[in-house]
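# Architecture at a glance
Here is how the chains run, residue by residue.
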Amino acid sequence: MPEAALELRGLTKHFGASVTVGPIDLIVRQGEFVTLLGPSGCGKTTTLNMIGGFVTPDAGGIHLAGSPVETLPPWRRDLGIVFQDYALFPHRTVAENIGFGLRMRRVGRAEIARRVYEAMQLVRLDGLGDRRPGQLSGGQRQRVALARALVIRPSLLLLDEPLSNLDLKLREEMRIEISTLQRRLGIAALFVTHDQEEALTMSDRIAVMRGGRIEQLGSAREIYEAPASAFVAGFIGSTNLIRGSVIAPRQPGGTVRVDTGAGPAMIPIVGDLPDGGAVLLMIRPERLKLASPGAAPEGTNAWSAQVVRTIYLGGRMEVRLRLRDGGTAIAYAVNEGETDWDEGEMVDAWFRPRDAWVIPGPAEDSDAQATNCLR
Amino acid sequence: MSRKILWSVVALIYAFMLAPILITAAVSFNAVERSYFPPRGFSLHWWSMAMTPQWTGPFLFSLKLAALSAVATAVLGLPLALALRWPSFRGRGTLQALTLGPLVLPSLVTGIALLQFLTLAGVGNWIGLPALVIGHVVICLPFMVRTLSISLDSIPINAEIAAASLGASRLRVLIEVTLPLARSGGGAGMIFAFISSFDDVNLALFVARPGQTPLTVQIMQFLEYGFSPTLAALSIISLLVPLALVALFGRLVGIGNFIYQDHGHA
Amino acid sequence: MKPQGSAYLLAAFPAAFLLLFFALPILLLLSTSMLKSEDMVPIAQLTTANFSTLLTKKLYVDAILRTIGIGVAVGALVVVLGYPVAYTLVRTQSRWQPVLVALALSPLLASVIVRTYGWWVLLNHDGPINNFLLAMGVISAPLRMLPSTAVIIVGLAHALLPYGVLTIMAALNGVNPNLERAAMSLGAGRVRTFVSVTLPLTASGVIGGFLLAFGVAIGAYATPAILGGPGTQTMATLIYSFMMTLLDWSLGSAMGVILLASSFVVLALIMLAGRRSES
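Residues numbered from 1 in each chain as written. Chains lettered and ligands numbered in written order. Predicted model: local features only at pLDDT ≥ 70, side-chain atom pairs only at ≥ 80, totals over all residues. Heavy atoms only, no water.

## Overview of the overall build of chain A
We count it as follows: Each helix is a run of H or I in the DSSP string that is no shorter than four residues. Each strand is a run of E no shorter than two, and both are numbered from the N terminus. The buried label goes to any residue with under 20% of its type's maximum accessible area, the exposed label to any with over 50%, and the partly exposed label to all in between, with areas taken from a 1.4 Å probe on protein chains only. Throughout, a contact is declared for two residues whenever any of their heavy atoms are within 4.5 Å. Areas reported here follow the Shrake-Rupley algorithm with a probe of radius 1.4 Å; residue values treat only the protein chains shown as occluding. The positive count covers Lys and Arg only, the negative count covers Asp and Glu only, and His and the chain ends enter neither. In plain terms, the charge of a residue is placed at NZ if it is Lys, CZ if Arg, CG if Asp and CD if Glu.
Looking only at helices and strands, one finds eight helices and 20 strands in chain A. Judged by the C-alpha coordinates and their principal axes, chain A covers about 80 × 50 × 40 Å. Per-residue burial over chain A gives 50% buried out of 375 residues. Sequence-distant contacts, at least 24 apart, represent 68% of the contacts inside chain A between residues at least 6 apart. Element-wise, carbon and sulfur atoms account for 49% of the exposed surface of chain A, whose accessible area totals about 17,200 Å². Taking the average location of the 43 positive side-chain charges in chain A and that of its 44 negative ones, the two points are 9 Å from each other.

Right, dumping it as structure tokens:
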């Protein structure tokens, strides 16, 4: 098996007595695109700075392509970094910016010219080599920063929220462009963002960070459909989290029964659920369906609920429901032009057992909008 | 490693910056009539010498001069800064050059020019306090206009338009909105003017007269006959005045910022 | 009233003040420098003798060249010593940073006399440096460090250092720290990062600090008067003796004009150099 492009082992940094980032363990495989996702202050930028060599970790190891680098200065680490503000040298031309890393590596003049030219073609900047960064648009600057980081053929590409300064349309284009480029070059990348959509569209794997630690590491699908905590569930997409307790851990057919204030639910067994243990039941709004009272399909969980509001969103309807215990839930109904739910109407809100997910542990009130703030 | 080297270099430069002042302070406590360092013995003799009328006279005169100069600079600087706010009018460039001119000229040159002008204009009896105030106002006006302009620029022009739309007259807008907002710049400019006037040697050398001599010039004249620890005590006293002023108004960093922006733009 | 009108109204008094007490005296100075003086007072007789005297007599030419030399050396010292301080103050994350900034700027509050007197104490023939070297047996007789041009340079550089720190700090504050990180991540060590990124981006502050120190240094009177002597005359000390001792105002004015001109020439040279390097 080839060496991992990046391996972090117990990487830790303390800020004062109370704030700590880490310990962080993470592996980025060759050619893989991994995203550190989390709210601002969750420690993702500190992690990036430790990998880059700008912040000295208090404990733990960093391996790049198999060799330890935690004691090396930034200029010996062979990383390509794209900064949030691009950090283009304003007193140098585009071509000089892109060629800077090659010059530092004492590459020959002709070779530099050739590789800079190639890099500029790669990011579609042909003919702009003599411009200064100040004369470029935001998207063009982004491309120069990318070319400058890629042209040195680094063992790892670090991207620190590189899209956050672009407007929405450009951002969506650049997402595709960066991940296409990364795949084509087969270069490993670690991407830092607080934007869940960016993380979902670009990553092979996502590490959701909170309070200085990685809360969950997995593919986009795993993170979305099987979140490890209420925080992860709430941070990615919208979701219904309903408190309940496990009544009968083992039912025939490999299901458990969970009682909630809105009604009972049968769901597949996941892990070890103690009898009477407090859990959160997660149902994504697009998995929660509506039917007239009594019309829910056989073998599904159906709860009686009242429509409080419907919001027309074009392709779908957002229906806000009041559950039996007074709690609220949201359901997305695909707009097929047929059903329409009136406000005040009683309905059955139903979901298949496999469309619910159980998050063990008692609910923390703060979990839904947890933002544990760090620097 | 290289960080340690940088910090040691910086520590040495700080020692270079502060040592002479600390040495001066120490010398003033000498018990013998020489400027020994480290001081031999301890006495307040030189401090009591510094409190005699030979020195308290110029000291009080310097305070009066500095206060008058600061007020006069503000009185002239405010209308100038307000006028220069108009984006364009005939003669604006000339007015600006006239305002900033003294900044480019060595104040010593301004001093000899003023000396000749007042003498040849037949008002040689202005030499002394009036000439000193005039000279210091000329030197300090550029700074006053700069600091005022910076705080006036920070006022959203909308604030004034809003006040006008609420029915305030031009004068009311000036008094109720513009002037309160200009206070920080005006204050910094006045402190700057006070300290510049209090510390000035180059201009005061030429337009002082016996009986109307600031402390700095008195010290320079005394130096022609030799050094004495009294001078050390006087130096420290004259350092304490600006220090107390700045501490009182907590503006050191504020003034620093103004000087900053000054040369940042230059 | 038209807005222009109120601008004129506001500016009228201060403008008159500046015209009367600044512009007019300077014009007068320019003209008396070309007049002959009798008993202190210039008389209406055009002459270039003042300038030819000042520009040919060795004593005066030496003083002019010495002053410019002092200005250049002081400017260079202020920039070289001010840079590391400014860099540290801008980049440090120490919580003492505000204190360190205040400490670096505090000498600005002291009169040049205070800042110069300490050097006299330190360097005079029976000051601590001489006493120390004598006690150590390094020297057998006190060194004569005063008066000398070198000590004038040190004294002025010391007095003007805070200006250098300020201007360079202002320039450094405009440099995004990520630029240095970017250079390092691309393989540039600390020195190369400084030379190829930080220094070029702060050139304006370096030039500004140099010019400011140069301009103040060549016009300074107190420091050369205290630390110098008859053999180390500068333009400023000569102007003082022309005006106040010899009472030859025309010669004093002419020297004043030369002082003015030298500061403008250096200003122009540097601006020219700046423009060339930009294009």
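What follows picks up the thread again.
## Notes on the overall build of chain C
What chain C contains, in helices and strands, is 13 helices and two strands. Summing over all exposed atoms, chain C offers an accessible surface of approximately 11,800 Å²; the carbon and sulfur share of this is 70%.

## Brief notes about the environment of Gly211(A)
Counting through the fold element by element, Gly211(A) comes out in the loop between β9 (205-210) and β10 (213-218). Taking the C-alpha atoms as reference points, Gly211(A) and Leu37(A), 174 residues apart in sequence, are found 12 Å from one another.

## Concerning the packing of helix α5 (residues 107-120) of chain B against helix α6 (residues 129-153) of chain B
Residue and element names in this part refer to chain B. Cut-off, in case you're wondering: Axis lines are fitted through C-alpha atoms, for helices just across the contact stretch, and the angle between N-to-C directions can take any value from 0 to 180 degrees. Put simply, angles under 35 degrees are roughly parallel, angles over 145 are roughly antiparallel, angles from 65 to 115 are roughly perpendicular, and the rest are oblique. When the near helix sits turned anticlockwise from the far one by under a right angle, the crossing is termed left-handed; a clockwise turn instead gives a right-handed crossing. As a working rule, the residues Ala, Val, Leu, Ile, Met, Phe, Trp, Tyr, Cys and Pro are called nonpolar, Asp, Glu, Lys and Arg charged, and the rest polar, with Gly in that last group.
Contact pair α5 / α6: the axes reach a minimum separation of 11 Å and the direction vectors enclose 140°. In terms of axis orientation, α5 runs oblique to α6. The handedness of the crossing between α5 and α6 comes out as right-handed. Seen from α5, the contacting residues are Ser 107, Thr 110, Leu 114 and Leu 118; seen from α6, they are Ala 131, Ile 134, Gly 135, Val 138 and Ile 139. Residues of the contact of α5 with α6, tallied by class, amount to six nonpolar, three polar and no charged.

## Details of the nonpolar core
Filter applied, for reference: Throughout this description, the term nonpolar core refers to a set of buried Ala, Val, Leu, Ile, Met, Phe, Trp, Tyr and Cys residues connected via side-chain atoms within 4.5 Å.
In terms of nonpolar packing, the biggest core is built from 154 residues, with Phe206(B), Val74(C) and Met255(C) touching the most fellow members. Tallying contributions element by element places α6(B) first for this core, with 14 residues. With sequence-adjacent residues up to four places away left out, Val74(C) is seen in contact with Ile153(C), Leu156(C), Ala157(C), Leu160(C), Ala213(C) and Ala217(C).

## A look at the pattern of salt bridges
Residue and element names in this part refer to chain A. Defined as follows: Here, a salt bridge means any side-chain nitrogen of Lys or Arg that lies within 4 Å of a carboxyl oxygen of Asp or Glu.
Evaluation of the coordinates by the stated rule reveals 23 salt bridges over all chains. Between Glu 32 and Arg 29 there is a salt bridge whose closest N-O contact spans 3.2 Å. Residue Glu 32 is classed as buried on the basis of its relative accessible area of 6%. A salt bridge links Arg 210 to Glu 215, with the nearest nitrogen and oxygen atoms 3.3 Å apart. A network of salt bridges, in which partner residues are shared, links Arg 221, Glu 225, Arg 287, Arg 352 and Asp 355.

## Focus on the sheet that holds strand β1 (residues 6-15) of chain A
All names here are of chain A. Using the following cut-off: Whether two strands pair depends on DSSP finding at least two bridges between them.
Pairing is antiparallel in the open sheet, where four strands are placed in the order β2-β1-β4-β5. A strand with exactly one partner marks an edge of an open sheet, and here the two such strands are β2 (19-28) and β5 (67-68). Running over the sheet, helix α1 (residues 44-52) touches β1, β2 and β4 (59-64) and is turned about 115° from β1.

## Some details on the packing of helix α1 (residues 2-27) of chain B against helix α4 (residues 97-105) of chain C
Their axes nearest at 10 Å, the elements α1(B) and α4(C) cross at an angle of 45°. Taken together, the axes of α1(B) and α4(C) are oblique relative to one another. Across from Trp7(B), Tyr14(B), Met17(B) and Leu18(B) in α1(B), the residues of α4(C) making contact are Leu100(C), Val101(C), Leu103(C) and Ala104(C). Class assignment of the residues belonging to the contact of α1(B) with α4(C) gives a composition of eight nonpolar, no polar and no charged.

## Section: the domain arrangement of chain A
Worth spelling out the cut-off: Residue ranges labeled as domains rest on an automatic or database domain assignment.
Per the domain assignment, the segments making up chain A are domain 1 (4-225) and domain 2 (238-374). In this structure, domain 1 of chain A and domain 2 of chain A have C-alpha centres spaced 39 Å apart.

## Let's talk about the packing of aromatic side chains
Test applied: Think of it this way: a Phe, Tyr or Trp ring, Trp meaning its six-membered ring, pairs with another when their centres are within 6.5 Å, and the plane angle makes it stacked under 30 degrees, edge-to-face over 60, tilted otherwise. Geometrically, a lysine NZ or arginine CZ counts as sitting over a ring once it is within 6 Å of the ring centre and also within 35 degrees of the ring normal.
Using the criterion set out here, one finds 21 aromatic pairs over all chains in the structure. Ring centres 6.2 Å apart and planes at 15° place the aromatic pair Tyr117(C) and Trp120(C) in the stacked group. Of the two residues, Tyr117(C) and Trp120(C) are both situated in helix α5 (residues 112-123); the distance of three residues between them amounts to about one turn of the helix. Since its relative accessible area comes to 2%, Tyr117(C) is described here as buried. By relative accessible area, which is 16% here, Trp120(C) ends up buried. Connected via pairs of aromatic rings, a cluster forms that spans Phe117(B), Trp126(B), Phe17(C) and Phe21(C). The side chain of Arg284(A) reaches across the aromatic face of Tyr224(A), ending 3.8 Å from its centre. Geometry around Tyr332(A) places Arg316(A) over its ring, the cationic atom sitting 4.0 Å from the centre.

## A few points about the confidence of the model for chain C
Residues and elements named next belong to chain C. Using the following cut-off: For every residue, the predictor assigns a confidence score, pLDDT, that lies between 0 and 100.
Of all residues in chain C, 94% have pLDDT values of 70 or greater, and the mean over the chain is 85. Taken element by element, chain C is modelled with least confidence in strand β2 (residues 41-46), mean pLDDT 70, and with most confidence in helix α3 (residues 58-91), mean pLDDT 93. Of the two predicted TM-score estimates for the complex, the pTM is 0.80 and the ipTM is 0.84.

## Regarding unusual backbone geometry
All names here are of chain A. One non-glycine residue, Asp 78, lies in the positive phi region at around 60°. Among the secondary structure elements, Asp 78 is positioned in the loop between β5 and β6 (79-82). With relative accessibility at 29%, the residue Asp 78 sits in the partly exposed group. Unlike most non-glycine residues, Arg 124 shows phi in positive territory, near 55°. Looking at the element boundaries, Arg 124 is found in the loop between α3 (109-122) and α4 (138-150). Looking at Arg 124, the relative accessible area reads 52%, which means it is exposed.

## Concerning the pairing of β4(A)
All names here are of chain A. Pairing between β1 and β4: five bridges, direction antiparallel. Counted as the bridge partner of Leu 6 is Leu 64 from β4. Adjacent in sequence and paired antiparallel, β4 and β5 are bridged by two residues, among which Ala 65 carries a positive phi angle near 45°.

## Considering the interface of chain C and chain A
Put simply, the rule is: In this description, buried area is defined as the sum, over both parts, of the accessible area (probe of 1.4 Å) that is lost when the two are combined. By the criterion applied in these results, polar contacts are pairs of N or O atoms within 3.5 Å in which, for protein atoms, one can donate a hydrogen and the other can accept it, and in which residues neighboring in sequence qualify only through two side-chain atoms.
Taken together, the contact pairs 18 residues of chain C with 22 residues of chain A. Summing both sides of the interface, chain C and chain A together bury roughly 1,900 Å²; the carbon and sulfur share of this comes to 64%. Summed over the three residues of chain C that lose the most area to chain A, namely Arg181(C), Ser185(C) and Leu186(C), the buried surface amounts to 34% of that side. Taken together, chain C and chain A are joined by seven residue pairs in polar contact (both at pLDDT 80 or more).

## Considerations on the interface of chain C and chain B
Residue-level contacts link 84 residues of chain C with 84 residues of chain B. Between the two partners, chain C and chain B, sit zero salt bridges. The interface formed by chain C and chain B holds seven residue pairs in polar contact (both at pLDDT 80 or more) in total. Counting residues per element, the side of chain C that touches chain B draws most heavily on helix α1 (residues 3-32) of chain C, at 23 residues.

## Comments concerning the sheet that holds strand β3 (residues 33-37) of chain A
All names here are of chain A. With respect to topology, six strands assemble into an open sheet ordered β6-β7-β8-β3-β9-β10, the strand pairing being mixed. Lying at the two open borders of the sheet, with one neighbouring strand each, are β6 and β10. On average, each strand axis in the sheet is inclined to that of its neighbour by 20°, with strand direction left out of account. Lying over the sheet, α1 contacts β3, β6, β7 (156-160), β8 (189-193) and β9, oriented at roughly 145° with respect to β7.

## Some points on the arrangement of the chains
Contacts between protein chains span two pairs of chains, and they are most numerous for chains B and C. With no contact formed, the shortest span from any C-alpha in chain A to any C-alpha in chain B equals 11 Å.

## Looking at the side chain of Asn50(C)
Topologically, Asn50(C) is positioned in helix α2 (residues 49-56). Within the local environment of Asn50(C), its side chain forms a polar contact with the backbone oxygen of Ser33(C), the two atoms lying 2.8 Å apart.

## Thoughts on α3(A)
Residues and elements named next belong to chain A. Here is the rule: Between the first and last residue of a helix there are one fewer steps than residues, each counted as 1.5 Å, and that sum is the expected span. By arc we mean the arc of the directions from the helix axis to the C-beta atoms, nothing more.
With 14 residues, α3 ought to run about 20 Å at 1.5 Å a step, and its terminal C-alpha atoms sit 20 Å apart, in line with that. Restricting attention to buried positions, one finds in α3 the residues Ile 112, Arg 115, Val 116, Ala 119 and Met 120. The arc that holds every buried residue of α3, seen down its axis, measures 140°, which confines them to one face. Of the exposed residues in α3, those oriented more than 90 degrees away from the buried face are Ala 110 and Tyr 117.

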